[in-house]
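# Descriptive structure summary
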Amino acid sequence: MLKFVPKLGYFAAILLLLPERAYAMHIMEGYLPVGWAIFWWLLTIPFIILGLRSIKKTIEENPETKMILGLSGAFAFVLSALKIPSVTGSCSHPTGVGLGTVLFGPLAMSVIGSIVLLFQSLLLAHGGLTTLGANAFSMAVVGPFLVYFTYKAALKMGLSFSLAVFFAAFLGDLGTYVVTSLQLALAFPSEVGGFFASFSKFAGIFALTQIPLAISEGILTVIVMNFLKKYNFAELKSLRVLPRKEVAQ
Amino acid sequence: MKKNILLLAIVILLAIIPIFMLKDAEFEGADGEAEEAIGEINAGYEPWFESFWEPPSGEIESLLFVLQAAIGAGFIGYFVGFTRGKHRKKEEL
């Protein structure tokens, strides 16, 4: 345990020494070397294919949930357009994939998250086509899977529905940007200190930027879930979203 | 309902507090600064691909971001109204 202390100290020092810089958004067009760009594309494509199948299956089994699927997409659309100021003095935006993941599973959000990213890279020059594979892997694959496993684990630990949703969305948001910094650090290892130096540089800073935004995303997801629980209880039941004790009520 | 309003207030506070806490901060979007950081680590790196189209100005870029949020929010508003209306009708029956 003690051997982690110097590392933590180093991490904290980096947080203090490099203020007011944040890299908390998608990787820009052309900023991943060709090899890495292709690598992340190849990793992401299977999830999109499986995601399309998963969405098709959900709609066939529960056609009444189509509107809620639309809502999940709209939620991701809105949240990823909101650049919000953060404690580091720069702005970043949440991802919005938590809601849809809890409702429809991680694979469905791989598709929806990728669509949002495609839209932003084509129309807003935010992110890019060559980096879309990498950005989709962080926001539409790792993010949703983190959400999914956190949600399941939280319910198993006996947390309430709202708290489970909150933590799931929070960690999915934060995890997305940890992966982004991992991807940047892999592509741009520092000459001094290599991968780890680059990673703490990218991650230290923007994990901090993202924390308040991840809290906001968690809360907003809970608000929408509260609404769905009140007015769309039947649909939530057929999607098997709710914990057993809530369904029994 | 009260709980949701309280939660929304927290979200708004989380966004406002940094603006007043950090008076000198620039609150820039991070994309440009990330380019700099990469330049520091690997000075020789040249981006090998350009966006096909970039919004000609910051104003137009923010217009498109607003449009993205508005389309999403529009659907959410439609969903909320539709669902509540349906719910009420069901209760009347």
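Report follows, based on the coordinates. Remember, it's a predicted structure, so these values are computed and weren't measured experimentally. Residue positions are given per chain, counted from 1 along the sequence in the order it is written. Whichever chain is written first is A, and whichever ligand is written first is 1; the rest continue in order. Side-chain atom pairs in this predicted model are given and counted only at pLDDT of 80 or more, local residue features only at pLDDT of at least 70, and totals for whole chains, interfaces and linings cover all residues. The side-chain values count all of the structure's non-hydrogen atoms but skip hydrogen atoms and water molecules.

## Considerations on the layout of surface pockets
Stated formally: Using a grid of 1 Å spacing that covers the protein atoms alone, one calls a set of points a cavity when a 1.4 Å probe fits there but cannot get out, and a pocket when the set is open and has protein on both sides within 12 Å along at least five of seven lines; lining residues are those with an atom within 4 Å of a point. Grid points are joined across faces, edges and corners, and a volume is the space filled by probe spheres set on the points. Only DSSP runs of H or I covering at least 4 residues are called helices, and only runs of E covering at least 2 are called strands; the numbering of each starts at the N terminus. Put simply, Ala, Val, Leu, Ile, Met, Phe, Trp, Tyr, Cys and Pro go in the nonpolar bin, Asp, Glu, Lys and Arg in the charged bin, and everything else, Gly too, in the polar bin.
Of the pockets and cavities examined, the largest pocket occupies roughly 660 Å³. For the largest pocket, the lining is made up of 22 residues, of which I223(A), V224(A), F227(A), N4(B) and V80(B) are closest to its centre. Sorting the residues of the lining of the largest pocket by element identifies α3 (66–79) and α8 (194–231) of chain A together with α1 (2–21) and α3 (58–92) of chain B as the ones contributing at least two each. Here the lining of the largest pocket gets seven residues from one element, more than from any other, and that element is α8(A). Its residues assigned to classes, the lining of the largest pocket shows 16 nonpolar, three polar and three charged. Roughly 470 Å³ of volume is contained in the second largest pocket. Around the second largest pocket, the lining is made up of 19 residues, and of these T58(A), L103(A), F104(A), G105(A) and L239(A) lie nearest the centre. Looking at the lining of the second largest pocket, the elements that each hand over two or more residues are α2 (34–61), α4 (98–104), α5 (106–123) and α6 (132–156) of chain A. Looking at the lining of the second largest pocket residue by residue, the classes come out as nine nonpolar, six polar and four charged.

## Describing the environment of F206(A)
Residues and elements named next belong to chain A. Heads up, the condition is: We call a residue buried when its accessible area falls under 20% of the maximum for its residue type, exposed when it is over 50%, and partly exposed in between, using a 1.4 Å probe and counting protein chains only.
Within the fold, F206 resides in helix α8. Using a relative accessible area of 0% as the deciding quantity, one classes F206 as buried. Expressed as a C-alpha distance, the spacing of F206 and V178, which sit 28 residues apart in the sequence, is 8.0 Å.

## A look at the pattern of salt bridges
To keep it simple, the criterion reads: For salt bridges, the criterion is a side-chain nitrogen of Lys or Arg within 4 Å of an Asp or Glu carboxyl oxygen.
Under the criterion given, the structure shown has two salt bridges over all chains. Among the ionic pairs, K83(A) bridges to E61(B), the shortest N-O distance being 3.6 Å. With K83(A) in the loop between α3 and β1 (84–85) and E61(B) in helix α3, this pair bridges two chains.

## Points about the packing of α5(A) against α3(B)
Note the following rule: Interaxial angles span 0 to 180 degrees and are taken between N-to-C directions of axes, which are lines fitted to C-alpha atoms, for helices over the stretch in contact. When an angle is under 35 degrees it counts as roughly parallel; over 145 it counts as roughly antiparallel; between 65 and 115 it counts as roughly perpendicular; any other value is oblique. Working rule for handedness: look at the near helix, and if it is turned counterclockwise from the far one by less than a right angle, call the crossing left-handed; if clockwise, right-handed. Here, residues are in contact when the closest pair of their heavy atoms is within 4.5 Å.
Across the interface, α5(A) lies against α3(B) with an axial gap of 11 Å and an inter-helix angle of 155°. Relative to α3(B), the element α5(A) lies roughly antiparallel. Read as a crossing pair, α5(A) and α3(B) show a hand that is right-handed. Here α5(A) contributes V116(A), F119(A), Q120(A) and L123(A) to the contact with α3(B), which in turn contributes L64(B), F65(B) and Q68(B).

## Concerning the interface of chain A and chain B
The test is simple: Joining two parts hides part of their accessible area as seen by a 1.4 Å probe, and the buried area is that hidden amount summed over both.
Contact residues are listed per partner, giving 65 residues for chain A and 56 residues for chain B. Interface area for chain A against chain B, summed over the two sides, is near 5,300 Å², with a carbon-plus-sulfur share of 72%. Our enumeration of links across chain A and chain B arrives at two salt bridges. The shortest N-O distance in the salt bridge between K201(A) and E40(B) comes to 2.9 Å. Within the residue set of the side of chain A that touches chain B, elements represented by two or more residues are α2, α3, β1, α5 and α8 of chain A. With 15 residues, α8(A) is the largest single contributor of residues to the side of chain A that touches chain B. Its residues placed into classes, the side of chain A that touches chain B shows 42 nonpolar, 15 polar and eight charged.

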